[in-house]
Amino acid sequence: MVEAAACAATWIDSLLFHEGDLLSGGVQGELRHVRYQLERILAHLPDYDDVYAFMIIDWIEEIAYDVEDAIDRCIHSCFLPSGSVTHINTIPGIGVKVEMIGKLADLLERYRPGLVGGLKQVSQRSSSTSLRGEIMDTVASSYHDLPYYLKPCFLYLATFAEDSEISAGMLTRMWIAEGFVIEAEGGEMLEDAAGQYLEQLISRSMVQVVRRSYTGKVETCRLQNIMRSFCLSISEERGFLGMGSSQFKCRRLIIINGLPVFAGAAGALGTTYPYIISAIDASRSSDAHKSLSLRSLQFGIDCMPIDGLITEDLNLQPVCMKFKLLRVLSLWGIQTSDNTLPDEIGTLKFLRYLGLRFTNITTIPQHIEGLLSLLTLDYRDIRSTTNEFDDFGVRNVCRVSNVLWNLKQLRHLFFPGYDLHRSENTLKLHTLNNLQILWNVPADILTISELERLSTSLQKLQIIGISSKEKLAAVLRSSCIKSGSLCKLNLSWAQDVELQSLKALNHCQRLRELLLRGRVGEGLPLSFPHNLAVLELSHSELKLEDSVSTLGKLQFLKLLKLLRSYTGAQLTCTANSFPQLEELFLVDLLYLVEWRMEEGAMPRLKKLMITNCNKLRKLPEALKCVTPLEKLVISDMPIQFCCRLEPPLHDREKVGTSKSGEDWHIIQHIPSVQVDHFQGTDQ
């Protein structure tokens, strides 16, 4: 089918882009020739309408997959001690396959009738056999109308569990690792191109948006059940995805909550987790050529694993030994007996995505330095049973060898935060020049010099637990801040550390999201990049009202969170301030007594949340003029404050105060109002 040729063509592009320096000039030239032949097939196949169309499509599918296997084995041989491959024709059988692709391209070009119809017949054949009904016909038609580069991306959505809310970031990073996304002309980033792929699927109603960020990017999405059923059927039929046979002929093996994606394929290997583990382990004795076909092995990509559901230990050594061509290895929720990755992990030279979320893996060994193609290391949310704490009472269980600096292709690096062991051995990261995301990294594992030299290509940065003013200053003068490339910045520092200057952020004109947790120097003017859409200030302890009022001048601000960040008694929002603000959170402003708001302020506010501001007397009168306001949440507030918001009652004694309902007219236009007062005496 056309997606088979498309996958092979896209994989060649990705291979030349990521591993081109491992290939000789002769091999690169031959791969480009194969890529050209596949392009010819893709150009003419959609117009081909002939009685032999199905036969030709099947040929293309099998040949394209065989060529992809041969190419991967060729690259794999380059890593072997005896590897000296200079031409892909030296791989057994590859010369015949390449020749057949060329002949098929010639055939389609020579006899092209110029009428669209071949793929319509494929759609009709699919719907008449396994995909019955008008709805499936519509889905099949929409699928076949997709550009070739979107077809594998769409099918890949079936790797996620039914009805699951899919992280767009995780999805696009996996697309990149699989080779579905290549860098576009004009220097477009891989991540931006992947985001556009997702937007195209959304615009075609193939994927549903669940939530967007305030910067407009998709945060989570969902695949409708009917769409997922179609994806599973096509993927299983074509070997794109599935449980596969005991020879693992499928490209991608997905195991969710200890069970395979395809119930129908589970019979041969068993339907429970232990049988699957045994099958992987037993596959070491299978034919080596067939085992190389597996490109992706994923466990439990649905939601946070349910306690007790997966209790058996997985032996990862045979996985690393058997499946040498893996590009994606996601171990979501699995357990190992020794809480570590095997040394053999370093033999997976093609691996681009390593996901360890919700595992019990607390040690990343030195052998990970062999993953020279790695693009993503996701080491968050570790579920260790070890109770080891440092001198400050912080859990201290995860250890990472100081070899990450050698993974020069790394683009996305997620750490386990405070769970990471802080010792005398710090990490070196400044050599990672391609890094786009560095997230949840404790400052203590980096020296001041490392903090100053972080990659200038960083788009998202989170550093936590900054323990000294020297390190905080080093972060703010780092290369990534000066480069102006950051779009999201999240910093937190210790209570005894005080932020002295925000001038460095003037370089970050692309910054859209900023989260600062820690004390800010008294009298420090709050000057932020004007493009901010999201701002969260926590534990800032600002005292001057003007410091907070200046935030109203941010013309593009849509979300503002003030969490224990202001110690003043009065807060004033002037007319025309906060022109784009849609959500406002006031949390733990313990000294706030009066909130003044002029008419015309916050004209687009949709959600307001006030929590534990226990001295605040009432809501501002001008809030009644904010007609877009859809939701008001009041929690942990004094009884007297909450009673003012009650609807008027004829029997005042039921409430016990003459102030009941006094401010009802301010909020009566709001569709959703939730008021929960705390138990205790009023203050």
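Description of the overall build of the chain
Thought 1: Counting its secondary structure elements, the chain contains 19 helices and 26 strands.
Thought 2: The proportion of buried residues among the 683 residues of the chain is 55%.
Thought 3: Of the contacts formed within the chain by residues at least 6 apart in sequence, a portion of 63% connects residues at least 24 apart.
Thought 4: In the structure as shown, the chain presents an accessible area of about 28600 Å², 49% of it carried by carbon and sulfur atoms.

Digging into empty space enclosed by the protein
Thought 1: Taken as a whole, this structure holds three cavities of 30 Å³ or more when the rule is applied.
Thought 2: There is about 60 Å³ of room inside the largest cavity.
Thought 3: Listing elements by their share of the lining of the largest cavity, those giving two or more residues are α17 (545-549), β20 (559-563), β21 (570-573) and β22 (583-587).
Thought 4: Here the element with the most residues in the lining of the largest cavity is β21; it accounts for three residues.
Thought 5: Across the lining of the largest cavity, the residue classes tally to ten nonpolar, two polar and no charged.

Quick look at the nonpolar core
Thought 1: Phe-528, Leu-551 and Trp-595 are the most contacted members of the largest nonpolar core, which totals 119 residues.
Thought 2: With four residues, the single largest contributor to this core is helix α15 (residues 469-476).
Thought 3: Excluding its chain neighbours within four sequence positions, the residues that come into contact with Trp-595 are Leu-571, Cys-573, Leu-584, Leu-586, Met-602, Leu-608, Ile-610, Leu-616, Leu-619 and Pro-620.
Thought 4: In terms of nonpolar packing, the next biggest core, distinct from the first, is built from 48 residues, Leu-146, Leu-157, Ala-168 and Leu-198 among them.

A short note on the sheet that holds strand β3 (residues 218-222)
Thought 1: If you walk across this open sheet you meet the three strands as β1-β3-β2, and the pairing is antiparallel. Each of the sheet's edge strands pairs with one partner strand only, and the pair in question is β1 (166-167) and β2 (208-212).
Thought 2: The pairing of β1 with β3 spans two bridges and is antiparallel. The residue bridging Ile-166 from the neighbouring strand is Cys-221, located in β3.
Thought 3: Along the sheet face, helix α9 (residues 190-203) touches β2 and β3 and points at about 45° away from the line of β3.

Examining the confidence of the model for the chain
Thought 1: Of the residues in the chain, 66% have a pLDDT of 70 or more, and the chain-wide mean is 78.
Thought 2: Predicted confidence for residues 243-248 stays below pLDDT 50, and this span has 21 contacts to residues more than four positions away or in other chains.
Thought 3: Per-residue pLDDT stays below 50 along residues 651-657; that stretch engages in seven contacts with residues further than four places along the chain or on separate chains.

A short note on the environment of Asp-636
Thought 1: Turning to its location among the elements, Asp-636 is positioned in strand β25 (residues 631-637).
Thought 2: Each C-alpha atom, one on Asp-636 and one on Thr-611, is 5.6 Å from the other, the two residues being 25 residues apart in sequence.

A word on the side chain of Thr-220
Thought 1: Within the secondary structure, Thr-220 sits in strand β3.
Thought 2: For Thr-220, a relative accessible area of 8% translates into the label buried.
Thought 3: Among the polar contacts made by the side chain of Thr-220, one reaches the side chain of Glu-165 at a distance of 3.0 Å.
Thought 4: Non-local contacts of Thr-220, meaning those with residues more than four positions away in its chain, are made with Glu-165, Ile-166, Ser-167, Ala-168, Val-209, Val-210 and Arg-211.

What about the layout of surface pockets?
Thought 1: The calculated volume of the largest pocket comes to roughly 1600 Å³.
Thought 2: Taken together, 50 residues line the largest pocket, and the ones lying closest to its centre are Gly-169, Lys-217, Val-218, Glu-219 and Lys-460.

Examining the pattern of salt bridges
For side chains of opposite charge, pairing can occur when their charged atoms come near one another.
Thought 1: All told, the structure shown has 20 salt bridges when counted by the stated rule.
Thought 2: Its salt-bridge partner being Lys-488, residue Glu-513 comes within 3.7 Å of it at the nearest N-O pair. Here the residue Glu-513 occupies a position in strand β17 (residues 513-517), and Lys-488 occupies one in strand β15 (residues 488-493), the gap between them amounting to 25 residues.
Thought 3: For Arg-596, the salt bridge identified is with Glu-594, shortest N-O distance 3.3 Å.
Thought 4: On the basis of relative accessible area, Glu-594 is assigned to the partly exposed category, the value being 30%.
Thought 5: In this structure, a network of salt bridges that share partners links the residues Lys-618, Glu-621, Lys-624, Arg-644, Glu-662 and Asp-663.

Examining α9
Thought 1: The terminal C-alpha atoms of α9, which comprises 14 residues, lie 20 Å apart, in line with the 20 Å expected from a rise of 1.5 Å per residue.
Thought 2: For α9, the full list of buried residues reads Leu-190, Ala-193, Ala-194, Tyr-197, Leu-198, Leu-201 and Ile-202.
Thought 3: Ser-205 lies just past α9 and shows a positive phi near 60°.

Some thoughts on α15
Thought 1: Along α15, the positions that sit buried rather than exposed are Lys-471, Leu-472, Ala-474, Val-475 and Leu-476.
Thought 2: The elements touched by buried residues of α15 are α14 (448-452), β14 (460-466), α16 (479-483), β15 and β16 (498-499).

Side note on the environment of Pro-529
Thought 1: Take Pro-529: it is sitting in the loop between β18 (519-520) and β19 (534-538).
Thought 2: Of the residues examined, Pro-529 reaches a relative accessible area of 2% and is grouped as buried.
Thought 3: Taking the C-alpha atoms as reference points, Pro-529 and Glu-513, separated by 16 residues in sequence, lie 10.0 Å from one another.
Thought 4: Residue contacts for Pro-529: discarding those within four places in its chain leaves Leu-505, Cys-508, Leu-511 and Leu-554.

Quick notes on the rules
- Residues numbered from 1 in each chain as written.
- Predicted model: local features only at pLDDT ≥ 70, side-chain atom pairs only at ≥ 80, totals over all residues.
- Heavy atoms only, no water.
- Helix = DSSP H or I, 4+ residues; strand = E, 2+ residues; numbered from the N terminus.
- Buried < 20%, exposed > 50% of the residue type's maximum accessible area, 1.4 Å probe, protein only.
- Contact = heavy atoms within 4.5 Å.
- Areas by Shrake-Rupley, 256 points an atom, 1.4 Å probe, with all protein chains shown as cover.
- 1 Å grid on protein atoms, 1.4 Å probe; cavity = no way out; pocket = protein on both sides within 12 Å on 5 of 7 lines; lining within 4 Å.
- Points joined across faces, edges and corners; volume = space filled by probe spheres on them.
- Nonpolar A, V, L, I, M, F, W, Y, C, P; charged D, E, K, R; others polar.
- Core = buried A, V, L, I, M, F, W, Y, C linked by side-chain atoms within 4.5 Å.
- Pairing = 2+ DSSP bridges.
- Axes fitted to C-alpha atoms, helices over the stretch in contact; angles between N-to-C directions.
- pLDDT = per-residue confidence, 0-100.
- Polar contact = N/O pair within 3.5 Å; in protein donor to acceptor, adjacent residues only side chain to side chain.
- Salt bridge = Lys/Arg side-chain N within 4 Å of Asp/Glu carboxyl O.
- Expected span 1.5 Å × (residues − 1).

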